[in-house]
Amino acid sequence: MITKKNFSLKNYNSFRIDVKAKEFIEINSKKELIKLNELLKNEKILFLGGGSNVLFTKDYDGTVIYLNIKGINIEKENFDFSVVKANAGVNWSDFIKFCLDNNLGGVENLSLIPGNVGSAPVQNIGAYGVELKDVFLSCEVFNSDDFSLKDFSLSDCKFEYRNSIFKKRKNLIILSVRLKLKNNNHNINTSYGGINEELKKLNINNPTIKDISKVVCNIRRRKLPDPDQIGNAGSFFKNPIISKEKLNWIEKHHRDVPSYKIDQDYFKIPAAWLIEAAGLKGKKFGKFGIHKSQPLVLVNYGGAKGEDIYKLSLSIKQIIKKIFKIELETEVNII
Ligand SMILES: Cc1cc2nc3c(=O)[nH]c(=O)nc-3n(C[C@H](O)[C@H](O)[C@H](O)COP(=O)(O)OP(=O)(O)OC[C@H]3O[C@@H](n4cnc5c(N)ncnc54)[C@H](O)[C@@H]3O)c2cc1C
């Protein structure tokens with residue numbers, strides 16, 4: 001266990017916001033966490049993984065617990081499936097690499113999402129037509145209110161689009177995650193976000209899970225700013241789900257609005273399209289702004305304050321509401 005006082009979190013959040021935590025504790029095992037939590041009973045606590053889905057708006061007047069519990073193992077396997085358990089502090093990209101090296105299919109479309117395994121269920125990470133819930137079996141959860149440990153099943157987690165029980169109940173800390181992955185006859189999913197086009201470009205006809213991962217990484221590197229170069233936390237807003245009537249109303253003014261049918265009555269539309277249509281794409285305000293090619297991503301060009309980025313997000317919401325009568329929902333956790 002490593003403890004630091006008045007510690008800068010600049011290297012622990014992908015927005016690279018320079019705020020300080022009153023106390024910062026790195027935890028390397030489940031035992032350390034349980035012991036520590038009893039000591040911190042009345043303390044304000046924030047659990048942190050890779051910091052790629054948080055925006056710090058001020059110094060953190062409490063204890064940040066950095067969960068660095070490592071380890072991946074295959075718990076069970078038969079001809080078709082393997083059950084893989086990974087601890088919370090495993091970097092998600094290292095986990096993807098483990099799966100590809102062991103020919104385990106199901107997470108290849110989620111390649112290059114930053115962050116750690118323990119945070120993946122929090123917003124049910126998703127990309128390129130796949131969500132964590134599609135391969136999720138269970139996770140071990142520590143309740144920091146009563147110090148109990150419990151396995152949460154798929155239904156316990158209440159997964160939805162970029163949402164789960166963990167987003168609302170901050171006392172539930174994920175210690176490890178179990179996924180059910182395919183050993184053979186992989187369900188190759190190329191239907192989304194230009195994967196097919198990229199495969200064609202590379203002359204790949206029967207893609208393996210390694211090919212899919214490579215193609216997804218290529219597309220992501222082209223489309224998204226690398227947080228090591230420009231501070232950001234990926235998509236700042238969720239894609240709104242709107243009624244058919246609202247879509248018809250928008251289509252009257254903007255024939256080109258893209259939409260994806262959820263069911264008879266509801267459609268998902270890209271928040272990025274709304275922000276671009278509002279003329280906000282690429283707007284720069286000194287040290288921060290809206291990314292020039294991916295308007296869903298707010299960026300810190302260096303030295304920005306989290307509070308300024310937060311205020312920018314509120315202005316974007318207001319503008320979108322005024323023009324389109326749609327309330328954008330924030331995806332990033334505001335701290
Ligand atoms: C460039 C970029 C691209 C991205 N692309 C995607 C994408 O395609 N799809 C997608 O879904 N997300 C995407 N994200 C968002 C982010 O990568 C994911 O949400 C990721 O799962 C966050 O992991 P983390 O470890 O960094 O979480 P953190 O930012 O550390 O934490 C996120 C939240 O989870 C809580 N938390 C952390 N660890 C635990 C735990 N063990 N138990 C309970 N709560 C915990 C934190 O308190 C915080 O509220 C992107 C981010 C960036 C920067």
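The following paragraphs examine the structure supplied in this document. All values derive from a computational prediction rather than experimental measurement. (Residues numbered from 1 in each chain as written. Predicted model: local features only at pLDDT ≥ 70, side-chain atom pairs only at ≥ 80, totals over all residues. Heavy atoms only, no water.)

Points about the overall build of the protein
Okay, so step 1: The helix and strand tally for the protein stands at eight helices and 20 strands.
Okay, so step 2: For 335 residues, the compact-globule estimate of 2.2 N^0.38 gives 20 Å, and the protein sits close to it at 20 Å.
Okay, so step 3: When its C-alpha atoms are laid out on the principal axes, the protein stretches across 60 × 50 × 35 Å.
Okay, so step 4: Looking at the 335 residues of the protein, the share that counts as buried comes to 51%.
Okay, so step 5: Long-range contacts, defined as pairs at least 24 residues apart, comprise 60% of the intrachain contacts of the protein with a sequence gap of at least 6.
Okay, so step 6: Surface summary for the protein: the accessible area is close to 16800 Å², and the carbon and sulfur share equals 47%.
Okay, so step 7: Across the protein, the 53 positively charged side chains and the 38 negatively charged ones have centroids separated by 4 Å. (Helix = DSSP H or I, 4+ residues; strand = E, 2+ residues; numbered from the N terminus. Rg over C-alpha atoms; globule rule 2.2 N^0.38 Å. Buried < 20%, exposed > 50% of the residue type's maximum accessible area, 1.4 Å probe, protein only. Contact = heavy atoms within 4.5 Å. Areas by Shrake-Rupley, 256 points an atom, 1.4 Å probe, with all protein chains shown as cover. Lys, Arg positive; Asp, Glu negative; His and termini not counted. Charge placed at Lys NZ, Arg CZ, Asp CG, Glu CD.)

What to know about the environment of Ser111
Okay, so step 1: Along the chain, Ser111 turns up in the loop between α2 (92-101) and β8 (126-127).
Okay, so step 2: Excluding its chain neighbours within four sequence positions, the residues that come into contact with Ser111 are Ile96, Ser213, Val216, Cys217 and Arg220.
Okay, so step 3: Engagement of the side chain of Ser111 in a polar contact is seen with the backbone oxygen of Glu108, the distance being 2.6 Å. (Polar contact = N/O pair within 3.5 Å; in protein donor to acceptor, adjacent residues only side chain to side chain.)

Things to note about the site of the ligand
Okay, so step 1: Neighbouring the ligand are 34 residues, the closest being Phe47, Gly49, Gly50, Ser52 and Ser119.
Okay, so step 2: Within the backbone of Asn116, a nitrogen or oxygen atom sits 2.9 Å from an oxygen atom of the ligand.
Okay, so step 3: Starting from 980 Å² of accessible surface for the ligand in isolation, the protein chains cover 95%.
Okay, so step 4: Among the elements of the structure, β3 (45-48), β8, β12 (172-182) and β13 (231-235) are those that each provide at least two residues to the shell around the ligand. (Near = heavy atom within 4 Å.)

Notes on the sheet that holds strand β1 (residues 2-8)
Strand pairing in a sheet relies on backbone hydrogen bonds. The paired strands run either parallel or antiparallel.
Okay, so step 1: One open sheet accounts for four strands, arranged β1-β2-β5-β3; its pairing is mixed. A single partner strand is all that each edge strand has here, and the edge strands are β1 and β3. The average undirected angle you get between the axes of adjacent strands in this sheet is 25 degrees.
Okay, so step 2: Where β3 and strand β5 (residues 60-67) come together, four bridges link them in parallel fashion. In the sheet register, Ile45 faces β5, and the bridge partner there is Thr63. (Pairing = 2+ DSSP bridges. Axes fitted to C-alpha atoms, helices over the stretch in contact; angles between N-to-C directions.)

Observations concerning the pairing of strand β11 (residues 148-153)
Okay, so step 1: One ladder, built from six bridges, connects strand β10 (residues 136-143) with β11; its direction is antiparallel. Within the sheet, the bridge partner assigned to Phe142 lies in β11 and is Leu149.
Okay, so step 2: Two successive antiparallel strands, β10 and β11, enclose a turn made up of four residues, where Phe147 displays a positive phi of approximately 60 degrees.

Remarks on α2
Okay, so step 1: Within the sequence span of α2, burial applies to Trp92, Phe95, Ile96, Cys99 and Leu100. One side of α2 carries all its buried residues, which in axial view fall inside an arc of 135 degrees.
Okay, so step 2: In the core, the buried residues of α2 are packed alongside β6 (72-77), β7 (81-87), β12 and α5 (209-223).
Okay, so step 3: Of the residues flanking the end of α2, it is Asn103, one or two places downstream, whose phi is positive at about 55 degrees. (Arc of directions from axis to C-beta.)

Keep in mind that these numbers describe shape and distance, not what the molecule does.
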